[in-house]
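# Descriptive analysis of the structure
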Amino acid sequence: MTTAADLAPDASRPSLRADSAAIELTGIEVRFSMPTERIVSFKEYVLKRLAGKLEHRELWALRSLDLEVPPGEFVGVVGRNGAGKSTLLKVISRVLTPTAGRVVVRGQVAPLLELGAGFHFDLTGRENVFLNAALFGHSSRIVQKHLHEVIDFSELEEFIDLPIRNYSSGMLARLGFAVATMFRPELLLIDEILAVGDTGFQEKCLARIHDFRSQGTAILLVSHQMESIADHCTRAVWIERGQLKAEGPTDEVLQRYSEGFAES
Amino acid sequence: MTSSLRPSPIQPAARQQVYDSSRRPHPAVEELQELIRFWDLVVQWSRRNIKLRYKRSILGVVWTLLEPLMLMTILTVVFSNVFRFDDLGYPFPLYILSGLLLFDFFNRSTLQIVEETVASLGLATRIYVPRSAFAVATAITYLVNWAVALIPLAAIMLVLRQPLSWAILTIPFGMLLTGLFALGVGLLVATLGAFFHDVKLTYQVLLTGWFYATPIIYPPGIIPSNLQKYFLLNPLFHLVTLVRDPVILGQVAPLENWLAALGFSLGALVVGWWVFTTQRSVFDYRS
C-alpha cells in the first residue's frame, strides 16, 4: 500500500508509475463547512450574519486519502453509510473539487451513477439518446454515427421513436445503460451493480463492463453488496470516516471489513 | 452479443483528456472552456425546451403568436382610452407591443434561468456538466420564442400601414444584447436563489417595479422632465429603445443607446458569470 509520505513531498512532479494510472488521488481532503442550523431564507442569512450568529460546523467527508487505480483494474469500494464513498466518486468525476490534495484522472470518465440523466418523458427514445449523450459531453455528430449501436444494444428498435412515457422501467434502464456505455471510457464509475432489465440483459451489461476492462478501462465499483464486489473486483478499498482503512486483494479487505463490522 | 466481440469505440478526442485538480484554471475561465466543449449540450437542451413547448399542446405555436396580440390589444385599449396619448408621432399599439415583447422575454428568461439552475442541481451534483449550459440554453430558448413573436408584430405593422425600413435589421442585435443582459442577471439571481428560497420571490417583486420604471406601457414624455434622466440608469430603457425605434420610427436607435446597452449587457454578463462560477461551492454543498 502506498503511504501518504511516498507521494506527499512533491505532488506536481510526475513519476513513471503515476503517469500510467487512470486515477491518482494524493492526499485528498474534502471539508464541508455547514451552518449548524438550516438557513433557508436570504433575509435570515443576512440578519444572522449581521448579528454575528452564523455558526459553522466543519465536516470532514474525506481526509488524507491516497488511491491509485491502474488501467484495466476493477476496484471495489466498501464502507458504511456516510463513510465518504459517494464523496469519493464525486471527487473523481470532478463534480466536487477537493479542499486539499490532488486528483488526476486520465481519459474519459463514464459515470454509471445516473442512468438516463436528463431523460424527458414527452420525448422519444431517439431524442433522449441525443440529449442524454450530450450530458456526457458527446457531440450529436458522433452520436449520430454510433446511434444504431446504442439502439441495437438496448434492444429497443421497435420502440425508439415512441415517447419514453410508454417505456417500462426496465426499458428505460436499458436505454440509459446503452447511452452511458456507448463509448469505452478510460474510467468507469459504478454505484452498485445495476439491476438493469431482466437477467439476460444484466448479463449483457456485465459482459460489456468486463469487455471494457479487458481493453484497459479502469473500474471503480461502490457497493454495499459484498458478493458483487467479491464477484467482480480484483482489488478492494475500505473507507471509514473519510479515510482509507484498508486496501489490497479483495478477499483480504472484505474479510477485514466484515470482521470490523462484527466488532462494532 | 456481437457488441462484446469487437473493440468498443472510443470517442477520438477523449483519449488524451486529463483532469488534474491541481492545474485547473480560474473557475470563470474553466467554466467558459467547458461550456465551449459542451456546446452541443447547449444546442440539444435549447432544442429540447423549444420542442417541449410546442409538443405539450397543439396550441403551442398558435399560443406564442396569439398571446402577445391579446396582451397588446388589452393594454392598448386600456391605455389609449384612459390616457390620451395623441400626437406621439408613432402608432402607440406598436410602441406597446415591441416593448412588451422585450420585457416578457427578460421576465421569463431570467426567472426560468433560476428555475433551471435549481432543477439541474440534482443532475449536476452526480455527473460533471458545466452548469452554465442550462442557463445559456434557457436564454437561447426564449430568444427563439421572442423571434417567433415578431411575426404577429410584423403583421400588425402591415395592418397599421407602418412603413418598413432597413432599420429593422438591427433588431436582432438589440435582442442579442438583451439576451446577454438577461443571462447575466439570471446567473446572478440563480446563484443566490439556489440557496435561499426568498431570493426568487424578492426578484419577482423587483421585476414588477422594474416593469413600471421602464417606459413600456407609457411614453417617456409623460414623466416630469427632471426625472427623465433617471431612465438613463435603467439598462432596459436602452435595450428597449434598440428594438423599438426601428419599429415605431423606422430608424436605428441612437448610438448612445447602443453604447449604453452594450456596456450594461457586458457588465451584467461579466458580474453574473463571475459570481455564478466562483460561488459554485454554494451549489455543491446543497446536495
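Here the structure is a predicted model, which means the values were calculated and not measured.

## What about the overall build of chain B?
From N to C terminus, chain B includes 10 helices and one strand. Starting at the N terminus and walking to the C terminus, you meet the elements of chain B as β-α-α-α-α-α-α-α-α-α-α. In chain B, which comprises 287 residues, the proportion classed as buried is 51%. Considering only intrachain contacts with a sequence separation of at least 6, the fraction spanning at least 24 residues in chain B is 80%. Summing over all exposed atoms, chain B offers an accessible surface of approximately 13700 Å²; the carbon and sulfur share of this is 69%.

## A look at the environment of B:Leu187
Residues and elements named next belong to chain B. Note that Leu-187 resides in helix α6 (residues 171-193). Taking relative accessible area as the criterion, Leu-187 reaches 0% and is therefore assigned buried. The spatial distance from the C-alpha of Leu-187 to the C-alpha of Val-114 is 7.2 Å, given a sequence separation of 73 residues. When residues no more than four places from it in sequence are discounted, the contact partners of Leu-187 are Ile-113, Ala-135, Gly-272, Trp-273 and Phe-276.

## Considerations on empty space enclosed by the protein
Residue and element names in this part refer to chain B. Applying the stated rule across the entire model yields six cavities of 30 Å³ or more. The computed volume of the largest cavity comes to approximately 200 Å³. In terms of lining residues, the largest cavity is bounded by 14 residues, among which Glu-67, Leu-101, Asp-104, Arg-108 and Ala-149 are the most central. No other element matches the five residues that helix α4 (residues 92-124) contributes to the lining of the largest cavity.

## Here's the deal with the packing of aromatic side chains
Think of a pair of aromatic rings as described by two things: how far the centres are apart, and how the planes are tilted against each other in angle. As enumerated under the stated definition, the model contains 15 aromatic pairs over all chains in all. Consider the rings of A:Trp238 and A:Tyr257, whose centres lie 5.2 Å apart with planes at 70 degrees: the pair is edge-to-face. Pair noted here: A:Trp238 is in strand β8 (residues 235-240) and A:Tyr257 is in helix α10 (residues 250-263), with a separation of 19 residues, a long-range link. A relative accessible area of 4% places A:Trp238 in the buried class. Taking relative accessible area as the criterion, A:Tyr257 reaches 5% and is therefore assigned buried. Seen from their ring centres, B:Phe103 and B:Phe106 are 6.4 Å apart, and the 55 degrees between their planes marks the pair as tilted. Highlighted residues: B:Phe103 and B:Phe106, both in helix α4, separated by three residues, approximately one helical turn.

## Focus on the pattern of salt bridges
Tallying each qualifying case throughout the model produces 18 salt bridges over all chains. Across the pair A:Glu24 and A:Arg106 runs a salt bridge, and its minimum N-O distance is 3.4 Å. Here A:Glu24 is found in strand β1 (residues 23-35), whereas its partner A:Arg106 is found in strand β4 (residues 100-106), with 82 residues between them in sequence. Just as A:Glu24 is buried, A:Arg106 falls in that class too. Put simply, A:Arg94, B:Arg24, B:Glu30, B:Glu34 and B:Arg37 are held in one network by salt bridges that share partners.

## A few points about the confidence of the model for chain B
Residue and element names in this part refer to chain B. Of all residues in chain B, 88% have pLDDT values of 70 or greater, and the mean over the chain is 86. Mean pLDDT across the secondary structure elements of chain B bottoms out at helix α10 (residues 281-284), with 57, and peaks at helix α8 (residues 235-248), with 97. The model gives residues 1-5 a pLDDT under 50, and that stretch makes six contacts with residues more than four places away or in other chains.

## Observations regarding the sheet that holds strand β6 (residues 187-191) of chain A
All names here are of chain A. Spatially, the six strands line up as an open sheet ordered β5-β6-β7-β3-β8-β9, and their pairing is mixed. Each of the sheet's edge strands pairs with one partner strand only, and the pair in question is β5 (109-112) and β9 (243-249). Averaged over all pairs of adjacent strands, the angle between strand axes in this sheet comes to 15 degrees, irrespective of strand direction.

## Let's talk about the interface of chain B and chain A
Chain B puts 53 residues into the contact, and the matching count from chain A is 58 residues. Of the roughly 4800 Å² buried between chain B and chain A on both sides combined, carbon and sulfur atoms contribute 56%. Counting across the chain B and chain A interface gives nine residue pairs in polar contact (both at pLDDT 80 or more). Among the elements of the structure, β1 (18-20), α1 (27-37), α2 (39-56), α4 and α7 (197-213) of chain B are those that each provide at least two residues to the side of chain B that touches chain A. In terms of residues, the side of chain B that touches chain A owes the most to one element, α2(B), which gives nine residues. By residue class, the composition of the side of chain B that touches chain A is 23 nonpolar, 12 polar and 18 charged.

## Considering the confidence of the model for chain A
Residue and element names in this part refer to chain A. Overall, the prediction assigns chain A a mean pLDDT of 84, with 89% of residues at 70 or greater. Mean pLDDT across the elements of chain A bottoms out in helix α1 (residues 4-7) (41) and peaks in strand β3 (residues 74-78) (94). For residues 1-18, every residue scores under 50 in pLDDT, and the model assigns this stretch 16 contacts once sequence neighbours within four places are set aside.

## What to know about the side chain of B:Thr191
Residues and elements named next belong to chain B. In this structure, Thr-191 sits in helix α6. Judged by its relative accessible area of 4%, Thr-191 is buried. Polar contacts involving the side chain of Thr-191 include one to the main-chain carbonyl oxygen of Leu-187, which spans 2.7 Å.

## Looking at the environment of B:Ala139
By secondary structure assignment, the location of B:Ala139 is in helix α5 (residues 132-159). For B:Ala139 and B:Gln112, which are 27 residues apart along the polypeptide, the C-alpha to C-alpha distance reads 8.7 Å.

## A word on helix α6 (residues 140-154) of chain A
At A:His146, α6(A) is deflected by roughly 55 degrees, the largest bend along its length. Positive backbone phi, at 60 degrees, marks A:Glu155, one or two positions downstream of α6(A).

## With respect to a nonpolar patch on the surface
All names here are of chain B. A cluster of nonpolar side chains, namely Val-61, Val-62, Trp-63, Leu-66 and Met-70, defines an oily patch on the protein surface of about 400 Å² accessible area. Following the sequence through the fold, Met-70 ends up in helix α3 (residues 60-82). Residue class for Met-70 comes out partly exposed when judged on its relative accessible area of 39%.

Cut-offs and rules
Residues numbered from 1 in each chain as written. Chains lettered and ligands numbered in written order. Predicted model: local features only at pLDDT ≥ 70, side-chain atom pairs only at ≥ 80, totals over all residues. Heavy atoms only, no water. Helix = DSSP H or I, 4+ residues; strand = E, 2+ residues; numbered from the N terminus. Buried < 20%, exposed > 50% of the residue type's maximum accessible area, 1.4 Å probe, protein only. Contact = heavy atoms within 4.5 Å. Areas by Shrake-Rupley, 256 points an atom, 1.4 Å probe, with all protein chains shown as cover. 1 Å grid on protein atoms, 1.4 Å probe; cavity = no way out; pocket = protein on both sides within 12 Å on 5 of 7 lines; lining within 4 Å. Points joined across faces, edges and corners; volume = space filled by probe spheres on them. Phe/Tyr/Trp six-rings, centres within 6.5 Å; stacked < 30°, edge-to-face > 60°. Salt bridge = Lys/Arg side-chain N within 4 Å of Asp/Glu carboxyl O. pLDDT = per-residue confidence, 0-100. Pairing = 2+ DSSP bridges. Axes fitted to C-alpha atoms, helices over the stretch in contact; angles between N-to-C directions. Buried area = accessible area lost by both parts, 1.4 Å probe. Polar contact = N/O pair within 3.5 Å; in protein donor to acceptor, adjacent residues only side chain to side chain. Nonpolar A, V, L, I, M, F, W, Y, C, P; charged D, E, K, R; others polar. Bend = angle between axes of the 7 residues up to and from the residue. Patch = residues over 30% accessible without salt bridge, like charges linked within 9 Å, V, L, I, M, F, W, Y side chains within 5 Å.

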